[in-house]
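An overview of the molecular structure
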Amino acid sequence: MMFLPQLLAKTAQGEKLAVLTCYDASFARILARAGVDILLVGDSLGMTVQGHDTTLAVSLDQMVYHTEAVARGADKAFIMADLPFGSYQESPQQAFASAVRLLSAGANMVKLEGGAVMCDTVAFLVARGVPVCAHLGLLPQSVNASGYRMQAKDEAGARQLLDDALALQAAGAQMLLLEAIPAALARKASEQLSIPTIGIGAGPDCSAQVLVLHDILGLTEQPPSFAKNFMLGAAGIEAAVRAYVEAVKAGEFPVA
Ligand code: KIV
């Protein structure tokens, strides 16, 4: 089994972590063999697996189902699972009940979206043994308010993001995912925080990188501009995943 302290020891030694989304047992086996550090059961499965335009329709029951499948495929891997829309925003108690279901399904950590407004919830979960990764920048669960576009591009947005990041860390978040923000801001956040940052569309200077599995395998019709198809030139799926892991660890993906 891999637990959070072992993962944090790697980043403390300066090792970049390679993270990929994963939704089923077959891919979990491949990703674990290829050396992926964190298997993220992302609510992006609403798009990649279910065919929705957003993540909003994904239920907690569905997240539990996919987390169980991933855990059966890779019982020694570190598994992070998304708390889906509506399963945690109401109260810390609601968040805890939802997190218990994901941890019982095999997750080692949960991820939730939102800034300082989520601090009470983060503190409540962490105090009760639930490791939490916070998620800032582009928040897919808030797409109706923000759309899918780069966030925190101006000075006020950048200041807000840094304030939120520090508040979430103080509340006990043990990791922070930064999605679709300027690379310079992600670097600044990573320098100011003591917890690891996981970047997606946030430049090369985060402690870890994450991509959606379907994007690196060339399965997405219109992948985001920051994604890369690692199937090109690879001998197969496992080789493509290995190439992604090696590129992240060597600091070669993403390029500055
Ligand atoms: O659900 C997801 O795929 C995510 C991405 C940011 C990786 O949270």
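Above this note sits the structure.
My aim in this report is to walk through the structure given alongside it, one point at a time.

The rules behind each value
Residues numbered from 1 in each chain as written. Predicted model: local features only at pLDDT ≥ 70, side-chain atom pairs only at ≥ 80, totals over all residues. Heavy atoms only, no water. Near = heavy atom within 4 Å. Polar contact = N/O pair within 3.5 Å; in protein donor to acceptor, adjacent residues only side chain to side chain. Areas by Shrake-Rupley, 256 points an atom, 1.4 Å probe, with all protein chains shown as cover. 1 Å grid on protein atoms, 1.4 Å probe; cavity = no way out; pocket = protein on both sides within 12 Å on 5 of 7 lines; lining within 4 Å. Sits in = over half its atoms within 2 Å of the grid points. Nonpolar A, V, L, I, M, F, W, Y, C, P; charged D, E, K, R; others polar. Points joined across faces, edges and corners; volume = space filled by probe spheres on them. Helix = DSSP H or I, 4+ residues; strand = E, 2+ residues; numbered from the N terminus. Buried < 20%, exposed > 50% of the residue type's maximum accessible area, 1.4 Å probe, protein only. Contact = heavy atoms within 4.5 Å.

1. A look at the site of the ligand
Close to the ligand lie 13 residues, the nearest being G42, D43, S44, D82 and K111. Between the ligand and D43, the relevant distance is 3.2 Å, taken from an oxygen atom to a main-chain nitrogen or oxygen of the residue. Separating an oxygen atom of the ligand from a side-chain N or O atom of S44 is a distance of 2.5 Å. Protein chains shield 96% of the accessible area of the ligand, which is 260 Å² for the free molecule. More than half of the atoms belonging to the ligand lie within 2 Å of the grid points that define the largest pocket. Its residues assigned to classes, the shell around the ligand shows five nonpolar, four polar and four charged.

2. Some words on the layout of surface pockets
Gaps left between atoms are located by rolling a probe of water-molecule size over the structure's atoms. Within this model, the largest pocket holds a volume of roughly 880 Å³. Residue lining of the largest pocket: 37 residues in total, with M47, E179, V212, D215 and P224 positioned closest to the centre. Those elements that provide at least two residues to the lining of the largest pocket are α3 (45–48), β4 (109–113), β6 (175–179), β8 (208–211) and α10 (213–216). When the residues that make up the lining of the largest pocket are grouped by side-chain class, the tally is 16 nonpolar, 13 polar and eight charged. Computed from the structure, the second largest pocket encloses a volume of approximately 210 Å³. Of all the secondary structure elements, the ones that give two or more residues to the lining of the second largest pocket are β5 (132–137), α7 (143–146) and α8 (155–171). At four residues, α8 tops the list of elements feeding residues into the lining of the second largest pocket.

3. Concerning the environment of D205
The residue D205 is located in the loop between β7 (197–200) and β8 in this model. Using a relative accessible area of 35% as the deciding quantity, one classes D205 as partly exposed. C-alpha separation for the pair D205 and R187, spaced 18 residues apart in sequence, amounts to 5.2 Å. Not counting residues within four places of it along the chain, the set of residues in contact with D205 comprises K16, R187 and S190. At a separation of 3.4 Å, a polar atom in the side chain of D205 contacts the side chain of R187.

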